[in-house]
Amino acid sequence: SAVISQKPSRDICQRGTSLTIQCQVDSQVTMMFWYRQQPGQSLTLIATANQGSEATYESGFVIDKFPISRPNLTFSTLTVSNMSPEDSSIYLCSVEATGEGYTFGSGTRLTVV
Amino acid sequence: QKEVEQNSGPLSVPEGAIASLNCTYSDRGSQSFFWYRQYSGKSPELIMSIYSNGDKEDGRFTAQLNKASQYVSLLIRDSQPSDSATYLCARPAGGSYIPTFGRGTSLIVHP
């Protein structure tokens, strides 16, 4: 199955700043997905990143707050902008490996103080 | 309305018992279901997928899909303490192929 390297694994950030999370996949994939998992909650899809086009955001998530880049078929970044304590969460990237379901990166645990 | 509903638990079972985890859904959308296991502090990992009515077995795990009653279950035979984790049920949202996740059921297997 696809292997995803995600970094940073965790960070503590000051409110008002931004953090960029990176995901590198060991194979070419068409779509990459970004999820958020708030404490004690399930996963919520933030957006879908397709190489060569703008990301598609789910209801409640906007590009100004969560800009996404997808420069090639193996890499994507998610930026959490102008952070507030409510953004404290685990952020996960995911890809679909053909016939093998969806695989997740190891996650980024973000704490905003 | 969420695509799938799960009891958050925790479900506590003794070592060696069968753990039964359930997930219900309430519409006639996608009939593809996924079970993920998530250890505390870790990312979810896919255990099983099921697309057709009936049972699908993989080692100690059995997924059951009952379309008439609109539920999908995950049975874990001979439960081990290492099975203690949160189990997430997922299903593509209406009109999409991207899975949406239930809130997960916490399983505790005690020695």
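Small disclaimer: the values here were computed from a predicted structure and weren't measured.

The rules behind the values
Residues numbered from 1 in each chain as written. Chains lettered and ligands numbered in written order. Predicted model: local features only at pLDDT ≥ 70, side-chain atom pairs only at ≥ 80, totals over all residues. Heavy atoms only, no water. Helix = DSSP H or I, 4+ residues; strand = E, 2+ residues; numbered from the N terminus. Rg over C-alpha atoms; globule rule 2.2 N^0.38 Å. Buried < 20%, exposed > 50% of the residue type's maximum accessible area, 1.4 Å probe, protein only. Contact = heavy atoms within 4.5 Å. Areas by Shrake-Rupley, 256 points an atom, 1.4 Å probe, with all protein chains shown as cover. Lys, Arg positive; Asp, Glu negative; His and termini not counted. Charge placed at Lys NZ, Arg CZ, Asp CG, Glu CD. Pairing = 2+ DSSP bridges. Axes fitted to C-alpha atoms, helices over the stretch in contact; angles between N-to-C directions. Core = buried A, V, L, I, M, F, W, Y, C linked by side-chain atoms within 4.5 Å. Phe/Tyr/Trp six-rings, centres within 6.5 Å; stacked < 30°, edge-to-face > 60°. Buried area = accessible area lost by both parts, 1.4 Å probe. Salt bridge = Lys/Arg side-chain N within 4 Å of Asp/Glu carboxyl O. Polar contact = N/O pair within 3.5 Å; in protein donor to acceptor, adjacent residues only side chain to side chain.

Q: Sorry, what's going on with the overall build of chain B here?
A: Looking only at helices and strands, one finds zero helices and 10 strands in chain B. Reading chain B from its N terminus to its C terminus gives the helix and strand order β-β-β-β-β-β-β-β-β-β. Relative to a compact globule of 111 residues, whose C-alpha radius of gyration would be 13 Å, chain B shows 13 Å and is just as compact. In terms of its C-alpha atoms, chain B occupies a principal-axis envelope of roughly 45 × 30 × 20 Å. Relative to its 111 residues, chain B shows a buried fraction of 45%. Sequence-distant contacts in chain B: of pairs separated by 6 or more residues, those separated by 24 or more amount to 54%. For chain B, the accessible area works out to roughly 5200 Å², and carbon and sulfur atoms hold 48% of it. The positive charge centre, built from 10 side chains, and the negative charge centre, built from 10, are 5 Å apart in chain B.

Q: Any chance you could explain the sheet that holds strand β7 (residues 68-72) of chain A here in plain terms?
A: Residue and element names in this part refer to chain A. With antiparallel pairing, four strands are arranged side by side in an open sheet as β1-β3-β8-β7. Each end of this open sheet is capped by a strand with a single partner; those strands are β1 (4-7) and β7. Recorded for the sheet is a direction-independent mean angle of 15° between the axes of neighbouring strands. The sheet contact formed by strand β3 (residues 19-25) and strand β8 (residues 75-80) spans six bridges and is antiparallel. When the bridges of β8 are listed, Ile21 appears paired with Leu78.

Q: Which parts of the structure should I look at to understand the nonpolar core?
A: A general trend in soluble globular proteins is that nonpolar side chains are found buried together. In terms of nonpolar packing, the biggest core is built from 27 residues, with Trp34(A), Ile46(A), Phe66(A), Ile68(A), Leu78(A), Tyr91(A) and Leu110(A) touching the most fellow members. For this core, the elements supplying multiple residues, two or more each, are β3, β4 (31-37), β5 (43-50), β8, β9 (89-97) and β11 (108-112) of chain A. The next biggest cluster of nonpolar side chains, apart from the first, holds 22 residues, and it includes Ala19(B), Ala63(B), Tyr87(B) and Cys89(B).

Q: What is the right way to look at the packing of aromatic side chains in this model?
A: Centre-to-centre distance and the angle between the planes together describe a pair of aromatic rings. Evaluated as defined, the whole model comprises 10 aromatic pairs over all chains. Here a set of aromatic residues connected by ring pairs shows up, and it is made of Tyr35(A), Phe104(A), Tyr36(B) and Phe101(B).

Q: Help me out: how do you make sense of the interface of chain A and chain B in this one?
A: Opposite the 16 residues of chain A that make contact, chain B presents 13 residues. Of the roughly 1300 Å² buried between chain A and chain B, counting both surfaces, carbon and sulfur atoms make up 59%. The largest per-residue losses of area from chain A upon contact with chain B belong to Ser42(A), Tyr102(A) and Phe104(A), which jointly make up 41% of the total buried on that side. Across the contact surface, chain A and chain B share zero salt bridges. There are five residue pairs in polar contact (both at pLDDT 80 or more) connecting chain A and chain B. Secondary structure elements with two or more residues in the side of chain A that touches chain B: β4, β5 and β10 (101-104) of chain A. Per element, the largest residue contribution to the side of chain A that touches chain B is four residues, and it comes from β4(A).

Q: Could you clarify how one ought to interpret the pattern of salt bridges in this entry?
A: Oppositely charged side chains can form a pair if their charged atoms are brought close together. All names here are of chain B. A full pass over the atoms with the stated rule returns four salt bridges over all chains. The residue Arg37 makes a salt bridge to Glu45 at a minimum N-O spacing of 3.2 Å. Looking at Glu45, the relative accessible area reads 33%, which means it is partly exposed. The shortest N-O distance in the salt bridge between Arg60 and Asp83 comes to 2.9 Å. Taken together, the residues span a long stretch of sequence, with Arg60 in the loop between β5 (54-58) and β6 (61-66) and Asp83 in the loop between β7 (71-76) and β8 (85-92) at a distance of 23 residues. Classification of Arg60 as partly exposed rests on a relative accessible area of 29%.

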